[in-house]
Amino acid sequence: MPAPTQLFFPLIRNCELSRIYGTACYCHHKHLCCSSPYIPSSRLRYTPHPAYATFCRPKENWWQYTQGRRYSSTPQKFYLTPPQVNSILKANEYSFKVPEFDGKNVSSVLGFDSNQLPANAPIEDRRSAATCLQTRGMLLGVFDGHAGCACSQAVSERLFYYIAVSLLPHETLLEIENAVESGRALLPILQWHKHPNDYFSKEASKLYFNSLRTYWQELIDLNTGESTDIDVKEALINAFKRLDNDISLEAQVGDPNSFLNYLVLRVAFSGATACVAHVDGVDLHVANTGDSRAMLGVQEEDGSWSAVTLSNDHNAQNERELERLKLEHPKNEAKSVVKQDRLLGLLMPFRAFGDVKFKWSIDLQKRVIESGPDQLNDNEYTKFIPPNYHTPPYLTAEPEVTYHRLRPQDKFLVLATDGLWETMHRQDVVRIVGEYLTGMHHQQPIAVGGYKVTLGQMHGLLTERRAKMSSVFEDQNAATHLIRHAVGNNEFGAVDHERLSKMLSLPEELARMYRDDITIIVVQFNSHVVGAYQNQE
Amino acid sequence: MFSRLLLIVRRQRTSPGWQNWSSARRSASAAEAHSVALPTQAQVVICGGGIMGTSVAYHLSKMGWKDIVLLEQGRLAAGSTRFCAGILSTARHLTIEQKMADYSNKLYSQLEQETGIQTGYIRTGSISLAQTQDRLISLKRINSRLNVIGIPSEIISPKKVAELHPFLNVHDLVGAMHVPEDAVVSSADVALALASAASQNGVQIYDRTSVLHVMVKKAQVTGVETDKGQIECQYFVNCAGQWAYELGLSNEEPVSIPLHACEHFYLLTRPLETPLQSNTPTIVDADGRIYIRNWQGGILSGGFEKNPKPIFTEGKNQLEIQNLQEDWDHFEPLLSSLLRRMPELETLEIIKLVNCPETFTPDMRCIMGESPTVQGYFVLAGMNSAGLSFGGGAGKYLAEWMVYGYPSENVWELDLKRFGALQSSRTFLRHRVMEVMPLMYDLKVPRWDFQTGRQLRTSPLYDRLDAQGARWMEKHGFERPKYFVPPDKDLLALEQSKTFYKPDWFEIVESEVKCCKEAVCVIDMSSFTKFEITSTGDQALEMLQYLFSNDLDVPVGHIVHTGMLNEGGGYENDCSIARLSKRSFFMISPTDQQVHCWAWLKKHMPEDSNLLLEDVSWKYTALNLIGPRAVDVLSELSYAPMTPDHFPSLFCKEMSVGYANGIRVMSMTHTGEPGFMLYIPIEYALHVYNEVMSVGQKYGIRNAGYYALRSLRIEKFFAFWGQDLNTLTTPLECGRESRVKLEKGMDFIGRDALLQQKQNGVYKRLTMFILDDHDTDLDLWPWWGEPIYRNGQYVGKTTSSAYSYTLERHVCLGFVHNFSEDTGEEQVVTADFINRGEYEIDIAGHRFQAKAKLYPVTSLFTHKRRKDDVELSDLHGK
């Protein structure tokens, strides 16, 4: 089946993409017998006419993919064995257990599981997790990139430093600044918990550091010396805004190093949403920009699970966001600012990092592009100015911060990009994770103590418990378990191996047709510690 | 003191069973309100009031030692003894274990009569089930051995099993072994009975007294520090069960007692509708990993699961034993197995799941004997959940050991000194016992190697050899190559190569042996224990002359094979000693002699600062070049003539090999084949090995392993210390008169015994047997411990065996006794007696004809032996 498509590929030009793709998609559909393929709607359209809209990717990448395709997969590969499926699902999984006795304080966080499953190639989602070393608390975040991964990558590397710095007391900032000034060793600020695939850019590290240093220098200067209490909510908002501002500025200023120059431009012209949680004792703050989501798993007294949403999506489904946008722009733009549920008819999330096309004035955009490197000039997408672009900025990175005080019944928090929420209802997500975690850890030991139990009854009970355990034991990671369900669930809500295998064996460039990148972090709370906090007061 | 004991006992009798034990404890503690002061002095202090401690006290007091104090941190017969399942089984793999269990059985059966304390002893018999043919073979082997030491047992059919036990599902069985005299007994009551008998004999017993540490001066026990004061003593016995390891470490000079506890579960049920009869036999279903006995009309069933839970790794007092949790999920596989075996029990009501930690040792054998570092410090612990079965016998042997200096049986297999410092790591113990506990019920096949705690001690050549296909075995923590798998050959997985028949490496070892015979092979034998003894004057020679039976006053450069004998003339060690100079000697002993030999030498060495004993095992890598072309390889590498004229047999020279200087070259190979041992300072090891291999190429050199060595050695009738030779066998009993110089001009240990034996004749004789009608491909292979029959009469057991590729027959070594037909008494064994018999070897119940030989079958060997090549180093088991 793929053979004819392959023949066509070299002939394709951008404008024909969607038509060809439509065919390809259809063919695969038939071949795969998937009952309801996920027809994607990329969060950013770039061809104005909706009928042709599907794709946006830098041109050169695109060529690589079509070329690579010729030598790659054959239809026979569609059936993966369970171990193959597992190795795909587990390739990016990561778990971190907070040490029980870290010497300082008992953490309210037991640990977290995270994982991601690419649909784009390369994946545009990013994730980060770190422990604050100079203040208390742990930071966890998921970042969903669009128009490439440059912005989400940069945000995943930098945002936590901005947050950590915003949280630091004045004296610590001074100490750090003095250390930099005199060339002494710096106090470590963050302890990262990274999967080997989560990389940091070495080249840009110096540049990023300088921007960060300017930030804390300003914080030092601004300090009036009176307020010692740092408001986490304010710190989060400042950090988000400041980082976005720095991204924008770095792109305007440019860099003498041509690689870096191109990098900062790619970061600025691509975009990313962010959903970040800060946990310190029983204080849980969630800062969200865009349409990723934070969901709290609450176990009710009867043992059932319910979901509490801790973030609001910033998209067309959110009335308040629509309202905000309309208020921020003149009345005559009321119809054009959101069209077909997209910002200016193009962008799905209404808040994001980067995306200077929606933030800079037309003049600024043109000036930067013209003075920029050739690669940027050749890129059709960057040159394209959104329609009805009258009163920029249309987009902001300012997060909405939610505060939640943890209770003993709050067992876990799921942070995930929209790739998950599009395929699963939040109630199902919480139930699946909840049952997974309790099956694994909280299956209460049986005690006979005083009851009349026969050997046969006990045997039946134990066999049942073991069966439950073994299905859970396939995954050692709650995030992996969730992805398995998200991708492989059939209409009855059970994992269907055949479906899972088909979904995972989609060729790279087709995967995006059926699903989006999925990134998940599941943070588990220590109910005993949370309960103890409560009792202290 | 004694009245209090009786109180406990009485209470228990009125309220039998575990459930009511707590009430007894309460009243017991009430009676203790007035505490009795400890004595300040005693001959022996025993720590631990479980079955081991009380058994040692009982036997010591029976043997006439009266000044004994027994201390127990909690109450008597608590700990594992209290929770023990109470099964006494003689179906053991080692003969010494069978004997201990048999003695215990006889002791317990008359204990009630002796002390008046009810022990609940009931002779129920036991049935060990076999679900597979391999298991049946294993049972048949045990059966053969039980019969020859006089314990009745028989292999029975599944149908017979169903007749003996009412509820068993026998459809999946291929057979079983019935031991009718096995019993069940309450272990706590046995311990109390032993304590009461000991107490009547004068032993003072104090409970609720903890031993803090043992006081030691000049490597000798001087006393015990307890939480209630000090007691001066000569002997200390550590019977602290699972705490024995901790207690050993609490000393200023720690005593390493390698054992570790695992949780162990068993189930108690209410009585059946028609209560199970109290004489219903105990069932051991090893393939199902469970045991089942009758208990108060219901059943008691536990097992040894595949995934044990080690406990107390960090030490004592994390949890009280009483508070351990029941873990039903963990018990599920065993419960399934139980219901498969007895489906009718489904409706039986559960009382509880008991969690009683059991102690395991790194090699599944218990630990007894004296500490190698502290004199007077004895240990009896690590029972691998057979404490009740071994209690009586083990206590007796230890008491004999203390009173007479030697137990009446050879207990090397159980001796504390078989372990070294390497086994005292907590991590090692934790990992190893996780392997050992499932092994309790795993099939025990020949040549089994432990998988955990490996790659600890290795030669510098380990990686090189491993890359060339070496398969490894471990001795005393040291990795040794078994054989080398050729690159094109693919061996079966380890699991599949478990067999009682011809193993899959047969052809591989054959080609290695052939290469040793025709060309040259190199074997890495670095694991040997190597000591250097030097002195400023003649002290070294004098000491060695006194300790060893052969004459060591030989010219410099000569090597002497000699035994290190005890007073009874038995082998404490069997070694080769090279005289490096007038005043220094290089001593090579088996690998597992490292601790034992060192302790023996230290014990007998005079306090003399001019006499230096050094353990240099780690300093040298040993390469054994075996084969007729070894001469060529070595002379090419050293530019020195290596022919017998220049380098006679049993000679030692320091020379250069390749670029490396100072290599100790010895003309012996431990196999009787021509060749050389190279003792190489470790930094040169890789260089010398590379040189030997590259030069050796044109002579057809190849790597070989210990299996080839073993085959070569046994076909030449070389006995192994630790297997064939032990502390109860003398040189005269194994045809080694030539290694004893009774008239060397001075006395040596064991001389008197040997003189007397020479006059009176020997009562057993090591003999080589060549199996005649044995089909190597189809018949079961001999291993060791097979009974030997002479003219249909049992005369002894084999001690080791190997396939001889030269003779194309199996060769077994074993001792032949001469039991009087009327009285069963041992009589003198003469060469004539050996030669005039028709022999059979019993392998798992099948008897094979065998030819007995007192000397190696030289005529069959192709190569000519030089006259002076009486090279009989028997450093094996190393």
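Residues numbered from 1 in each chain as written. Chains lettered and ligands numbered in written order. Predicted model: local features only at pLDDT ≥ 70, side-chain atom pairs only at ≥ 80, totals over all residues. Heavy atoms only, no water.

Quick look at the overall build of chain B
Here is step 1: Helices and strands together make up the secondary structure of chain B, namely 22 helices and 41 strands.
Here is step 2: Per-residue burial over chain B gives 63% buried out of 878 residues.
Here is step 3: The long-range share in chain B, meaning contacts at least 24 apart out of those at least 6 apart in sequence, stands at 72%.
Here is step 4: Total accessible area on chain B is roughly 32600 Å²; 48% of this is exposed by carbon and sulfur atoms. (Helix = DSSP H or I, 4+ residues; strand = E, 2+ residues; numbered from the N terminus. Buried < 20%, exposed > 50% of the residue type's maximum accessible area, 1.4 Å probe, protein only. Contact = heavy atoms within 4.5 Å. Areas by Shrake-Rupley, 256 points an atom, 1.4 Å probe, with all protein chains shown as cover.)

A look at the overall build of chain A
Here is step 1: When helices and strands are counted, chain A shows 20 helices and 15 strands.
Here is step 2: When each of the 537 residues of chain A is scored for burial, the buried share is 56%.
Here is step 3: Residue pairs at least 24 apart in sequence account for 76% of intrachain contacts in chain A once pairs closer than 6 positions are excluded.
Here is step 4: For chain A, the computed accessible surface area is about 24600 Å², with 53% contributed by carbon and sulfur atoms.

Some remarks on the packing of helix H7 (residues 205-222) of chain A against helix H8 (residues 232-253) of chain A
Residue and element names in this part refer to chain A.
Here is step 1: H8 packs onto H7 with a crossing angle of 130 degrees between their chain directions and a minimal axis gap of 11 Å. For the element pair H7 / H8, the angle class is oblique. Regarding H7 and H8, the two cross each other, and that crossing is right-handed. Residues Leu-207, Tyr-208, Ser-211, Thr-214, Tyr-215 and Glu-218 of H7 form the contact with H8, whose own contacting residues are Asn-238, Ala-239, Arg-242, Asp-246 and Glu-250.
Here is step 2: Residue composition of the contact of H7 with H8, by class: 4 nonpolar, 3 polar and 4 charged. (Axes fitted to C-alpha atoms, helices over the stretch in contact; angles between N-to-C directions. Parallel < 35°, antiparallel > 145°, perpendicular 65-115°, else oblique. Left-handed = near helix turned anticlockwise from the far one by under 90°. Nonpolar A, V, L, I, M, F, W, Y, C, P; charged D, E, K, R; others polar.)

Some details on unusual backbone geometry
Here is step 1: Here the amide bond leading from Ala-121 of chain A into Pro-122 of chain A is cis, since omega sits at -5 degrees, within 30 degrees of zero.
Here is step 2: If you trace the backbone, Pro-122 of chain A turns up in the loop between strand S2 (109-117) and strand S3 (125-132).
Here is step 3: Between Pro-392 of chain A and Pro-393 of chain A the backbone carries a cis peptide bond, its omega angle lying at 0 degrees.
Here is step 4: Phi angles above zero are rare outside glycine, and Arg-289 of chain B is one such case at about 65 degrees.
Here is step 5: Mapped onto the fold, Arg-289 of chain B is located in the loop between strand S15 (282-285) and strand S16 (290-295).
Here is step 6: For Arg-289 of chain B, a relative accessible area of 11% puts it in the buried group.

Focus on the sheet that holds strand S6 (residues 175-179) of chain B
Residue and element names in this part refer to chain B.
Here is step 1: Taken together, the 8 strands give an open sheet; going across it, the order is S5-S6-S4-S15-S16-S17-S14-S19, and neighbouring strands pair in mixed fashion. Looking at strand neighbours, the two that pair on one side only are strand S5 (154-156) and strand S19 (350-355), the edges of this open sheet. Across this sheet, the average inter-strand angle for adjacent strands is 20 degrees, counted without regard to direction.
Here is step 2: Here S5 runs beside S6; their pairing, made up of 3 bridges, is antiparallel. Residue Glu-154 lies in a different strand from S6, and its bridge partner there is His-178.
Here is step 3: The strands that helix H7 (residues 133-148) touches are strand S4 (126-130), S5 and S6; relative to S6, the one it contacts most, it runs at about 25 degrees. (Pairing = 2+ DSSP bridges.)

A short note on the interface of chain B and chain A
A common measure of how large an interface is: the accessible area buried when the components associate.
Here is step 1: Facing the 17 residues of chain B at the interface are 15 residues of chain A.
Here is step 2: Counting across the chain B and chain A interface gives 1 salt bridge.
Here is step 3: Among the ionic pairs, Glu-349 of chain B bridges to Lys-452 of chain A, the shortest N-O distance being 4.0 Å.
Here is step 4: There are 6 residue pairs in polar contact (both at pLDDT 80 or more) connecting chain B and chain A.
Here is step 5: Put simply, the parts of the chain that give the side of chain B that touches chain A at least two residues each are strand S14 (265-269), helix H11 (328-341) and S19 of chain B.
Here is step 6: For the side of chain B that touches chain A, the element with the highest residue contribution is H11 of chain B, accounting for 7 residues. (Salt bridge = Lys/Arg side-chain N within 4 Å of Asp/Glu carboxyl O. Polar contact = N/O pair within 3.5 Å; in protein donor to acceptor, adjacent residues only side chain to side chain.)

Focus: the sheet that holds strand S9 (residues 305-309) of chain A
All names here are of chain A.
Here is step 1: One open sheet holds the 6 strands; their spatial order is S1-S2-S15-S14-S8-S9, and the pairing between them is antiparallel. Lying at the two open borders of the sheet, with one neighbouring strand each, are strand S1 (94-97) and S9. Going from strand to strand, the sheet's axes swing by 20 degrees on average, the running direction of each strand aside.
Here is step 2: As paired strands, strand S8 (residues 293-299) and strand S14 (residues 410-416) are joined by 6 bridges and run antiparallel to one another. Bridged to Ala-294 within S14 is Leu-415.

Considerations on helix H5 (residues 95-109) of chain B
Residues and elements named next belong to chain B.
Here is step 1: Counted at 1.5 Å a residue, the expected span for H5 with its 15 residues is 21 Å, and the 21 Å between its end C-alpha atoms agrees.
Here is step 2: Summarising burial for H5: 11 of the 15 residues are buried, a large majority.
Here is step 3: Listed in full, the buried residues belonging to H5 are Thr-95, Ile-96, Glu-97, Gln-98, Met-100, Ala-101, Asp-102, Ser-104, Asn-105, Leu-107 and Tyr-108. (Expected span 1.5 Å × (residues − 1).)

Digging into the nonpolar core
Here is step 1: One finds Leu-159, Phe-160, Ile-163, Leu-190 and Phe-353 of chain A to be the most contacted residues of the largest nonpolar core, which totals 58 residues.
Here is step 2: The dominant element in this core, judged by the number of residues it contributes, is helix H5 (residues 150-167) of chain A, at 11 residues.
Here is step 3: Counting residues in hydrophobic clusters, the runner-up holds 55 residues, among them Ala-77, Val-185, Phe-378 and Ala-399 of chain B. (Core = buried A, V, L, I, M, F, W, Y, C linked by side-chain atoms within 4.5 Å.)

Section: the pattern of salt bridges
All names here are of chain B.
Here is step 1: Evaluated as defined, the whole model comprises 59 salt bridges over all chains.
Here is step 2: Note that Asp-172 and Arg-341 form a salt bridge whose closest N and O atoms lie 2.9 Å from each other. With Asp-172 in the loop between helix H8 (158-164) and S6 and Arg-341 in helix H11, this pair connects stretches of sequence that are 169 residues apart.
Here is step 3: The class of Asp-172 is partly exposed, set by a relative accessible area of 33%.
Here is step 4: Accessibility expressed as a relative area gives 2% for Arg-341, which makes it buried.
Here is step 5: Of the charged contacts in the structure, one is a salt bridge between Arg-579 and Asp-553, with a shortest N-O distance of 3.0 Å.

With respect to the pairing of S14 of chain A
Residues and elements named next belong to chain A.
Here is step 1: A large share of S14 lies buried, amounting to 6 of its 7 residues.
Here is step 2: Pairing between S14 and strand S15 (residues 518-525): 5 bridges, direction antiparallel. Its bridge partner being in S15, Leu-415 is matched across the sheet by Ile-521.

With respect to the confidence of the model for chain B
Residue and element names in this part refer to chain B.
Here is step 1: Here chain B averages 88 in pLDDT, while 92% of its residues score no lower than 70.
Here is step 2: Low confidence marks residues 859-878, where pLDDT is under 50. Its contacts with residues over four positions away, or in another chain, come to 74 contacts.
Here is step 3: In the predicted assembly, ipTM is 0.80 and pTM is 0.69. (pLDDT = per-residue confidence, 0-100.)

What about the packing of aromatic side chains?
Residues and elements named next belong to chain A.
Here is step 1: If you walk through the whole model with that rule in mind, you get 41 aromatic pairs over all chains.
Here is step 2: The interplanar angle of 80 degrees and the centroid separation of 5.9 Å between the aromatic rings of Phe-269 and Trp-360 together place this pair among those described as edge-to-face. With a gap of 91 residues between them, Phe-269 in helix H9 (residues 258-269) and Trp-360 in the loop between strand S12 (353-354) and helix H11 (362-371) connect regions that are remote in the sequence.
Here is step 3: Look at Phe-269 and you get buried, because its relative accessible area is 3%.
Here is step 4: Overall, the relative accessible area of 4% leaves Trp-360 in the buried class. (Phe/Tyr/Trp six-rings, centres within 6.5 Å; stacked < 30°, edge-to-face > 60°.)

Observations regarding the packing of H8 of chain A against H9 of chain A
Residue and element names in this part refer to chain A.
Here is step 1: Between H8 and H9, the shortest axis-to-axis distance is 8 Å and the interhelical angle comes to 135 degrees. As summarised for this structure, H8 and H9 are arranged oblique, according to the angle between their axes. Of the two elements, H8 crosses H9, and the hand of that crossing is left-handed. In this structure, H8 uses Ile-247, Glu-250 and Ala-251 to contact H9, whose residues at the interface are Val-264, Leu-265, Val-267 and Ala-268.

Here's the deal with the side chain of Asn-261 of chain A
Here is step 1: The residue Asn-261 of chain A is located in helix H9 in this model.
Here is step 2: Look past the residues within four positions of Asn-261 of chain A in its chain and what remains in contact with it is Gly-254, Asp-255 and Pro-373 of chain A.

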